[in-house]
Amino acid sequence: MVTVLETSDLEKIYMMGNVSVHALCGVNLTVEEGEFVCILGPSGSGKSTLLNMLGALDIPSHGLVKIGKQDVRTLNDYELAVLRRKIGIVFQFFNLIDRLNALENVELPLSIVNIKGSERKERAKSLLELVGLKDRILHNPSQLSGGERQRVAIARALANNPDFLLMDEPTGNIDSKTADELMNLIEDLNKKQGITIVMVTHDQSMTKYATRVINLLDGQIKKTGEKIDAH
Ligand SMILES: Nc1ncnc2c1ncn2[C@@H]1O[C@H](COP(=O)(O)OP(=O)(O)OP(=O)(O)O)[C@@H](O)[C@H]1O
Ligand SMILES: [Mg+2]
């Protein structure tokens with residue numbers, strides 16, 4: 001088995017003036033290649049904080065975060081930037097650029113790594129096709145539904161062939177029917193494309209798509225669910 005993510009005694013403390021907020025209190029988590037891990041927890045339990053650590057977007061206060069073979073605390077800014085390119089992140093509020101159409105939004109991470117013109121367009125198109133948006137590539141985000149926007153965000157997150165995908169409440173802002181369709185797509189990405197996924201959510205009904213469920217409460221893992229074979 002190949003370990004893609006590992007945390008050990010992970011703590012995150014936010015300082016608010018003189019008051020400290022313990023958002024994560026000793027999280028031990030290992031994610032293997034091919035898993036679809038769902039982290040379930042109520043609002044304020046530390047889900048986004050944990051996801052930000054796993055995406056190397058923030059640095060732990062104490063403890064270890066290992067992404068692939070790399071301990072994030074040992075990396076400089078340049079090395080962190082390189083590492084982040086191999087991580088696909090989907091945020092709750094889409095974070096798409098509204099002046100750009102769907103195709104251009106997906107092309108953006110490809111242009112950052114200097115993939116040129118026609119190759120970039122082809123790859124972006126095929127990713128949008130993969131997420132079921134072949135007929136919407138010229139629409140701007142404001143001309144798309146919530147579910148469609150999230151599909152664009154997923155296509156964008158996949159652009160640079162990430163080692164794994166992190167998703168923060170991907171269905172948080174869409175209705176339940178659209179959410180189920182989106183989750184079927186995400187499940188397919190895991191099962192058919194073999195993409196390793198870590199998703200956080202407060203919605204119990206989204207856990208059924210995952211191969212493993214972890215409960216987070218007050219910054220601590222409560223109980224690890226039964227592990228099903230990923231494939
Ligand atoms: N930048 C910050 N500064 C101070 N406290 C923070 C900061 N970000 C989060 N917190 C606090 O840390 C705790 C965990 O927050 P986090 O955003 O990780 O929760 P969450 O599980 O993602 O919640 P939600 O489901 O509402 O998105 C909360 O008590 C929150 O108030
Ligand atoms: Mg959150």
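Residues numbered from 1 in each chain as written. Chains lettered and ligands numbered in written order. Predicted model: local features only at pLDDT ≥ 70, side-chain atom pairs only at ≥ 80, totals over all residues.

K.L.:
What am I meant to see in the packing of helix α5 (residues 146–158) against helix α6 (residues 176–191) here?
P.N.:
Pairs of packed helices are described in terms of their axes, by the angle between the two and the distance that separates them. α6 packs onto α5 with a crossing angle of 20° between their chain directions and a minimal axis gap of 9 Å. Here α5 lies roughly parallel to α6, going by the angle between them. Regarding α5 and α6, the two cross each other, and that crossing is right-handed. Mapping the contact onto sequence places G146, G147, Q150 and R151 in α5 and T178, E181, L182 and L185 in α6. Residues belonging to the contact of α5 with α6 are distributed by class as follows: 2 nonpolar, 4 polar and 2 charged. (Axes fitted to C-alpha atoms, helices over the stretch in contact; angles between N-to-C directions. Helix = DSSP H or I, 4+ residues; strand = E, 2+ residues; numbered from the N terminus. Parallel < 35°, antiparallel > 145°, perpendicular 65-115°, else oblique. Left-handed = near helix turned anticlockwise from the far one by under 90°. Contact = placed C-beta atoms within 7 Å. Nonpolar A, V, L, I, M, F, W, Y, C, P; charged D, E, K, R; others polar.)

K.L.:
Please explain the site of ligand 1 as it appears in this structure.
P.N.:
As a matter of local geometry, ligand 1 sits amid 13 residues, with Y14, S43, K47, S48 and T49 nearest to it. Breaking the shell around ligand 1 down by element, the ones donating at least two residues are β1 (3–16), β2 (19–32) and α1 (47–54). For the shell around ligand 1, the leading source of residues is α1, giving 3 residues. When the residues that make up the shell around ligand 1 are grouped by side-chain class, the tally is 4 nonpolar, 8 polar and 1 charged. (Near = placed C-beta within 6 Å.)

K.L.:
Help me understand the pairing of strand β4 (residues 62–67) in this model?
P.N.:
Strand residues, when the strand is regular, have side chains that alternate between the two faces of the sheet. Sheet topology note: the β1/β4 ladder contains 5 bridges and is antiparallel. The partner of S8 across the bridge, within β4, is L64. Here β4 pairs with strand β5 (residues 70–71) via 2 bridges, running antiparallel. When the bridges of β5 are listed, K66 appears paired with D71. Linkage of β4 to β5, two consecutive antiparallel strands, is achieved through a turn of 2 residues, within which G68 is found at a positive phi near 60°. (Pairing = 2+ DSSP bridges.)

K.L.:
Quick question: what am I supposed to make of unusual backbone geometry here?
P.N.:
Negative phi values dominate among residues other than glycine, just as trans dominates among peptide bonds. Of note, the phi angle at N114 is positive, near 65°, even though the residue is not glycine. Within the secondary structure, N114 is located in the loop between α3 (102–112) and α4 (117–130). A positive phi angle is found at E169, which is not glycine, with a value near 45°. Mapping E169 onto the fold places it in the loop between β7 (164–168) and α6. Given 19 C-beta atoms within a 10 Å radius, E169 is considered partly exposed. (Buried ≥ 20, exposed ≤ 12 C-beta atoms within 10 Å, placed from the backbone.)

K.L.:
Explanation requested: α6 in the structure shown.
P.N.:
Since the α-helix turns once every 3.6 residues, residues separated by three or four places project in the same direction. Taking 1.5 Å as the rise per residue, α6 with 16 residues should run 22 Å; its terminal C-alpha atoms sit 22 Å apart, in good agreement. Among all positions in α6, only A179, L182, M183, I186, L189 and N190 are buried. For α6, the angular spread of the buried residues around the axis is 110°, confining them to a single face. In α6, the exposed positions angled more than 90 degrees off the buried face are occupied by K177 and N184. Against the buried residues of α6 lie β3 (36–40), α5 and β8 (197–201). (Expected span 1.5 Å × (residues − 1). Arc of directions from axis to C-beta.)

Remember that the coordinates give geometry; whether it matters functionally is a separate question.
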